[in-house]
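# Observations on the model geometry
Take a look at the letters that make up each chain.
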Amino acid sequence: MATRVSRRKLLLSSIFGVAFGAAPGAITSISNLTVGRAFAQNLAVEKDPIKYYWNKKLSELASVEPFNCSDEDKERHQIYCAVVFSILYGYFNGNRRGEVGEYPMRAKQKTSGLGTNSRYSGGYYFGHNICAIAVDEDGEIIDFDFNNAELLNDSTQHAEVRLIRRLFSLADAYEKNKTDTLTSVAADMHRDYNKTLNNITIYTSMESCAQCSGMMTLANIPKVVYLQSDPTQYQIGKIMFRLSRPVGQMNGGGAPRPISGKEIGFMLTDKIDKSYEDYRSSVGSTFPKQAFYKPPGSESDSSRWNITQSITSFVCTDVAMDHFADGRALLNKAVLKYPDFRPVLTNTRQTNQKIFSNNEVLNSARNFVEYSLTKGKRGISR
C-alpha cells in the first residue's frame, strides 16, 4: 500500500482549492438607508442559527435535508462502508466483561465450558467494537483506528478522535521529512492547520458523539458517514451541523455533514439498527428476557447479572458480529455496476493527481483491508 502517496495528498489535497465569497452589496442612497438597515437586521436574524431555531421545535433543528448523490457515487460510499465493517469483523472482540462467564447472546463466540464457567474467543478487551476510516478526495483510504477506551482507561479514546489525531500526525510527519519543494504559497497554506483535513471524509461504524463531532468540527472535516444510528447521542451531529453555519447553508465551514448509511444505500445500516432495537427489548433479568453477561457462579443470583441495554454492549453480540461479517462478504463479492465512474470535483487540482474510478476504489479497498488485518495494527491497541 502506498502510504507515502496518501500522506502527500493528505498534506496537499486542499492547497489548490480556494473559495471566494461575494462582497456584500452597498446601500446607494440616503432614502434607502432606513430600509436597508431594517433589511440587514432581518437578514441577520434569519441567518443566525441560534436566533432562527430558538423558538422552533427541536425536530426542525435536528433535521437535515437528505443527502443527495448519484447511484454511481453511492456505489463508492458503499465500498468504504463495507471496509469499516470488514475491519471490525477482522478485529472483533466481545469480551467486554472478561473472557470467562456467560454471555447468552454470544453462543457463536464460545470456545469451552458450561454456564457461567464458559470461555469466549477474543482475548483481552481493548475497547468497543467501533472503527473509523479516513478517505481523501481522490478515493484513497488514508488510515483507520478503533475505540480504545478500555485499554487506556480513558473514556475519550473514541475511534474518530484517535483517527483525526493520527491524520494530523501523518501530515506533520510528511512535512518534516518531505523531499519535494513546495511553493511559498503552498507552504503558507499548509501552515494553516484548518485546511489540512478539509477534503477528508470520515466513515465510522457508529453515529458520532458530541466529543467526536466537536473534534471533526475543529479539524474541518466536511462529511462523516455513520453506519449505525446511536439513539443515545441526542442527534448531536445534526444539531451541530445546523448551528455551526448560517441558516439554509449546507456547505462551507462548520460541523461535518452527518450522513447515515441509509442515505447512500448501505443496506446493513437498516439491519443493524433494527437488531439493536431488538436487543434493547430482549435484555433483562426475568424470563424470557436475557442478560448480557452473567459472572462466574451467578447462575441463581440475577442481582449480579449485567443487563445493560447499551449500544456498546450490543456490538459485542453474535448478531452484531454477523452484520460485520456480512460487510466483509459484500466487499469480497462486490460486482460493480459503474466500474469506470470517476466523480468530477469542482475545485482546482494538481495535474498529477488522479481520482480513483469505482473499480480502483474497490481494488484499493480490498488491499487496505488486507493491510489493516496483517500489518496495520495500531501499536499496543490491537
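The structure contained in this document is the topic of the report that follows. (Residues numbered from 1 in each chain as written. Predicted model: local features only at pLDDT ≥ 70, side-chain atom pairs only at ≥ 80, totals over all residues. Heavy atoms only, no water.)

## Some details on the overall build of the chain
For clarity, the threshold we go by: Only runs of H or I of at least four residues qualify as helices and only runs of E of at least two qualify as strands under DSSP, and these elements are numbered from the N terminus. A simple rule labels every residue: compare its accessible area, found with a 1.4 Å probe on the protein chains alone, to the largest value its type can have, and call it buried under 20%, exposed over 50%, or partly exposed in between. In what follows, a contact means two residues having at least one pair of non-hydrogen atoms within 4.5 Å. Accessible surface area values rest on a Shrake-Rupley calculation with a 1.4 Å probe, where residue burial reflects the displayed protein chains alone.
When helices and strands are tallied, the chain shows 14 helices and eight strands. Within the span of the chain, comprising 382 residues, buried residues form 45% of the whole. By sequence separation, contacts in the chain at least 24 residues apart represent 69% of the contacts at least 6 residues apart. On the chain, roughly 19,000 Å² of surface is accessible, and the fraction owed to carbon and sulfur atoms is 53%.

## What to know about the pattern of salt bridges
Oppositely charged side chains may form a pair once their charged atoms are brought near each other. Note the threshold: Throughout this description, the term salt bridge denotes a Lys or Arg side-chain nitrogen within 4 Å of a carboxyl oxygen of Asp or Glu.
Enumeration according to the criterion identifies 11 salt bridges in this entry. Here Arg257 and Glu263 are joined by a salt bridge, their closest N and O atoms 3.8 Å apart. We classify Glu263 as partly exposed; its relative accessible area is 21%. Within the structure, one salt-bridge network assembled from shared partners comprises Asp143, Asp145, Arg162 and Arg166.

## With respect to the sheet that holds strand S2 (residues 110–112)
Note on sheets: strands pair through backbone hydrogen bonds, and any given pair is parallel or antiparallel. Definition in use: Between any two strands, pairing holds if DSSP finds at least two bridges.
With antiparallel pairing, the three strands of this open sheet are ordered in space as S1-S3-S2. Strands at the two margins of the open sheet, each flanked by one partner only, are strand S1 (100–101) and S2. Bridge count between S1 and strand S3 (residues 118–120): two bridges; the pairing is antiparallel. Looking at the pairing, Val100 lines up with Arg119 of S3.

## Re the packing of helix H13 (residues 318–333) against helix H14 (residues 358–374)
A pair of packed helices is characterised by two quantities: the angle between their axes and the separation of those axes. Note the following rule: Axis lines are fitted to C-alpha atoms, over the contacting stretch for helices. Their N-to-C directions set the angle, which ranges from 0 to 180 degrees. Should an angle lie under 35 degrees it is considered roughly parallel, over 145 roughly antiparallel, and from 65 to 115 roughly perpendicular; all remaining angles are considered oblique. The crossing is said to be left-handed when, going from far helix to near helix, the turn is anticlockwise and less than a right angle, and right-handed when the turn is clockwise. Each residue is assigned to one of three groups, with Ala, Val, Leu, Ile, Met, Phe, Trp, Tyr, Cys and Pro labelled nonpolar, Asp, Glu, Lys and Arg labelled charged, and all others, Gly among them, labelled polar.
Packing of H13 against H14 leaves a shortest axis separation of 9 Å and a crossing angle of 135°. Here H13 is positioned oblique relative to H14, judged by the angle of their axes. For the crossing formed where H13 meets H14, the hand is left-handed. Together, Arg328, Leu331, Asn332 and Lys333 of H13 and Leu362, Ala365, Arg366, Val369 and Leu373 of H14 make up the contact between the two elements. For the contact of H13 with H14, a count of residues per class yields five nonpolar, one polar and three charged.

## Considerations on the nonpolar core
The line we're drawing: Working definition of a nonpolar core: buried Ala, Val, Leu, Ile, Met, Phe, Trp, Tyr and Cys residues. They are joined through side-chain atoms within 4.5 Å.
The biggest cluster of nonpolar side chains holds 67 residues, and the ones touching the most others in it are Val83, Phe85, Ile87, Ile133 and Ile202. Residue contacts for Phe85: discarding those within four places in its chain leaves Ser205, Leu227, Phe266, Leu268, Ile272, His323, Phe324 and Gly327.

## Regarding the sheet that holds strand S6 (residues 201–204)
As summarised here, the arrangement of the five strands in space is S5-S4-S6-S7-S8, forming an open sheet in which the pairing is mixed. Sheet topology places strand S5 (141–146) and strand S8 (257–260) at the edges, where each strand pairs with a single neighbour. Averaged over all pairs of adjacent strands, the angle between their axes in this sheet comes to 20°, without regard to strand direction. Both S6 and strand S7 (residues 223–226) contribute to a ladder of four bridges, which runs parallel. Paired with Thr201 across the two strands is Lys223, which belongs to S7.

## Re the packing of aromatic side chains
Our working definition: Aromatic rings from Phe, Tyr and Trp, taking only the six-membered ring of Trp, are treated as a pair when their centres fall within 6.5 Å; an angle between ring planes under 30 degrees marks them as stacked, one over 60 as edge-to-face, and anything in between as tilted. Two thresholds decide whether a charge sits over a ring: the Lys NZ or Arg CZ must be within 6 Å of the ring centre and within 35 degrees of the ring normal.
Scanning the model with the defined rule gives 16 aromatic pairs in all. Here the aromatic rings of Tyr103 and Tyr120 are separated by 5.0 Å at their centres, their planes lie at 85°, and the arrangement is edge-to-face. On the criterion of sequence distance, the pair formed by Tyr103 in the loop between S1 and S2 and Tyr120 in strand S3 is long-range, its members being 17 residues apart. A ring pair is formed by Phe144 and Phe146, whose centres lie 5.6 Å apart and whose planes are at 90°; its orientation type is edge-to-face. Three or more aromatic residues link up through ring pairs in this structure, and these residues are Tyr91, Phe144, Phe146, Phe368 and Tyr371. Directly above the aromatic system of Trp305 lies the positively charged group of Lys294, at a separation of 4.1 Å from the ring centroid.

## A short note on the packing of helix H11 (residues 267–282) against H13
Between H11 and H13, whose axes approach to 10 Å, the crossing angle comes to 175°. Taken together, H11 and H13 sit at an angle that is classed as roughly antiparallel. For the pair H11 and H13, contact is made by Met267, Leu268, Lys271, Ile272 and Ser275 and by Val319, His323, Phe324, Asp326, Gly327 and Leu330, respectively. Its residues assigned to classes, the contact of H11 with H13 shows six nonpolar, three polar and two charged.

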